[in-house]
Amino acid sequence: MHTIRPSRPEDGPRVVEIWRLAVDATHDFLAPADRAAIEQDVRGFLPAAPLWLATDERDVALGFMLLDGAKMEALFIEPAHHGRGIGSALVAHALALHPVLETDVNEQNAQAVGFYLRLGFTETGRSTLDGQGRAYPLIHLRCSLAP
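All of these numbers come straight from a predicted model, not from anything done at the bench.

Draft legend 1. Seen up close, the packing of helix α1 (residues 12-26) against helix α2 (residues 32-45). Relative to each other, α1 and α2 sit at 160 degrees, their axes nearing to 11 Å. In terms of orientation, α1 lies roughly antiparallel with respect to α2. Both α1 and α2 take part in a crossing whose hand is right-handed. When α1 is examined against α2, the residues V16, W19, R20, V23 and D24 are found in contact with a partner set consisting of R35, I38, E39, V42 and R43. Of the residues in the contact of α1 with α2, the class split is 5 nonpolar, no polar and 5 charged.

Shown next as structure tokens:
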């Protein structure tokens, strides 16, 4: 059983740990220098970002989501908890807040692409570069609860 709640300042180290573990498990396509640069950026902003956390019965974060309005900017689940419905629950929470939800996913992250497609997201476009201008293509996705 898990609960979804807003993040608090003391969650900062845990969300960075989740990010690191998840990226190491799913983003093997990143060049080592890019991986290190991205982590430096993440350590600078993620702990203070307004996140939604999925927590266990002891209030330990298992995954997190960053929303910017109706755009899901990040969704990361600790790899030990993949496949347990945590990511789906966070997406459902986002859709309850925003019935039309958009996100981007790295094209090389086949696991994440499949996850979003299974949840009903559809491709709306592509970019050859990621949001920081690096050569990691993105797929732009949208999910709508509206008929």
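Having put the structure on the table, let's press on.
Draft legend 2. Quick peek at the pairing of strand β7 (residues 138-144). Within β7, 5 of the 7 residues are buried, leaving the element largely enclosed by the surrounding structure. In terms of strand pairing, strand β5 (residues 100-106) meets β7 through 7 bridges, oriented antiparallel. Within the sheet, the bridge partner assigned to V105 lies in β7 and is I139. Summarising the sheet, strand β6 (residues 122-127) and β7 pair through 5 bridges and their orientation is antiparallel. Paired with G125 across the bridge in β7 is H140.

How each quantity is defined
- Residues numbered from 1 in each chain as written.
- Predicted model: local features only at pLDDT ≥ 70, side-chain atom pairs only at ≥ 80, totals over all residues.
- Heavy atoms only, no water.
- Axes fitted to C-alpha atoms, helices over the stretch in contact; angles between N-to-C directions.
- Helix = DSSP H or I, 4+ residues; strand = E, 2+ residues; numbered from the N terminus.
- Parallel < 35°, antiparallel > 145°, perpendicular 65-115°, else oblique.
- Left-handed = near helix turned anticlockwise from the far one by under 90°.
- Contact = heavy atoms within 4.5 Å.
- Nonpolar A, V, L, I, M, F, W, Y, C, P; charged D, E, K, R; others polar.
- Buried < 20%, exposed > 50% of the residue type's maximum accessible area, 1.4 Å probe, protein only.
- Pairing = 2+ DSSP bridges.

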